[in-house]
Amino acid sequence: MQDDLNVPAWLPPLRLALQRVGPGPLRWLFCAFVGLVCVAVSQLLVSLMGQGDRLSAAVIAAVCGLGLAALFSASLLGLLSHLDRALRYSVRYATRDSLTGLYSRRHFLHQVEREWSLARRYETPCALVLIDIDHFKRINEAYSSRCGDLLLREVAGVCGETLRHADVLARYGGEEFMLFLPHTDPLGALDVAERIRERVERMGYGWNGHSIPTSVSIGVAVLKLNHTGLDDLLNEAGEALHLAKADGRNCVRAGPGLLPDSLSAIRG
Ligand SMILES: Nc1nc2c(ncn2[C@@H]2O[C@H](COP(=O)(O)OP(=O)(O)OP(=O)(O)O)[C@@H](O)[C@H]2O)c(=O)[nH]1
């Protein structure tokens, strides 16, 4: 899913143009401009005082005018380029988690609230998948929090590996990831969750020569007719995750009423 960048369409071509000119030529342009202004002012003064050659003074003044226009354009491009970069930077930091590069919780909720309303209005299926790394505290304590940080990045990468364009993945909390799947029925959502669980189990994370067995517990919930807000879906995903933890971790559990009992527990 794309960021809401809100960058005007004319900014990128301008930025490209400025990048082509580059900072070095811009500096030379500025020096040339200052030189031209000096010459122009002196020639205009000479011309106004009725001395010297009026034609050459006018030509020099015109050249200076062009130089001024060129410099003004270049400065404007520079300024726009800076603004564009600053805008992209601030959008990225407002919407992304700095460690994993995934969406932040706030941005996720903002995006998903809209998607959830659409799904409810048009009665299309959608699902929430809550993913939590097992025994993460132990890993932090045994191998350092740097090791934990890198593990978070790895798991984020695995979670994002097979997503569709419309799916929304976020770092939801410390060692928790949340995945919203629009247009996805319960079996589809359970399938995605199980694939993520398997991939994490197989990813083979290592730290300083130690192999660290890694697993995730996953709770899955889907939109139901009796849901009145996104919170209902979030709560059900949370409940399913608790079930997965209580059932020994490294497994996927479905939220209440999502599937018949015989199907609601998938063990990895
Ligand atoms: N390295 C690192 N650790 C974090 C980060 N955010 C939260 N944590 C740690 O994650 C740990 C989460 O611990 P718990 O909530 O007990 O979960 P757990 O140890 O995974 O236990 P279960 O979920 O029950 O399997 C805490 O020790 C937090 O300090 C982070 O950004 N980096």
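First, a word on what this report is: a plain description of the structure on this page. (Residues numbered from 1 in each chain as written. Predicted model: local features only at pLDDT ≥ 70, side-chain atom pairs only at ≥ 80, totals over all residues.)

### Details of the environment of T124
At step 1: Position of T124 relative to the elements: it lies in the loop between α4 (105–122) and β1 (126–133).
At step 2: Accessibility expressed as a C-beta count within 10 Å gives 14 for T124, which makes it partly exposed.
At step 3: The spatial distance from the C-alpha of T124 to the C-alpha of V112 is 14 Å, given a sequence separation of twelve residues.
At step 4: Not counting the four nearest positions on each side in its chain, T124 is found in contact with A119 and H183. (Helix = DSSP H or I, 4+ residues; strand = E, 2+ residues; numbered from the N terminus. Buried ≥ 20, exposed ≤ 12 C-beta atoms within 10 Å, placed from the backbone. Contact = placed C-beta atoms within 7 Å.)

### Some details on the nonpolar core
At step 1: In this structure, V129, I218 and V220 are the most contacted members of the largest nonpolar core, which totals 49 residues.
At step 2: With seven residues, β1 is the largest single contributor of residues to this core.
At step 3: When near neighbours in sequence (up to four residues on either side) are disregarded, I218 contacts V129, L130, I131, A193, I196, R197, L241, A244 and V252. (Core = buried A, V, L, I, M, F, W, Y, C linked by C-beta atoms within 7 Å.)

### Describing helix α8 (residues 230–246)
At step 1: When the terminal C-alpha atoms of α8 are compared, their 25 Å separation across 17 residues agrees well with the 24 Å that a helix rising 1.5 Å per residue should span.
At step 2: Note on α8: the residue one or two positions beyond its end, G248, has a positive phi of about 105°. (Expected span 1.5 Å × (residues − 1).)

### Some details on the packing of helix α6 (residues 145–160) against helix α7 (residues 186–202)
To characterise two packed helices, one gives the angle between the axes of the helices and the distance between these axes.
At step 1: For the pair α6 and α7, interaxial distance at closest approach is 9 Å and the crossing angle is 140°. The angle between α6 and α7 falls in the class oblique. Crossing geometry of α6 relative to α7 is assigned as right-handed. Contacts between α6 and α7 involve V155, V158 and C159 from the former and I196, R199 and V200 from the latter. (Axes fitted to C-alpha atoms, helices over the stretch in contact; angles between N-to-C directions. Parallel < 35°, antiparallel > 145°, perpendicular 65-115°, else oblique. Left-handed = near helix turned anticlockwise from the far one by under 90°.)

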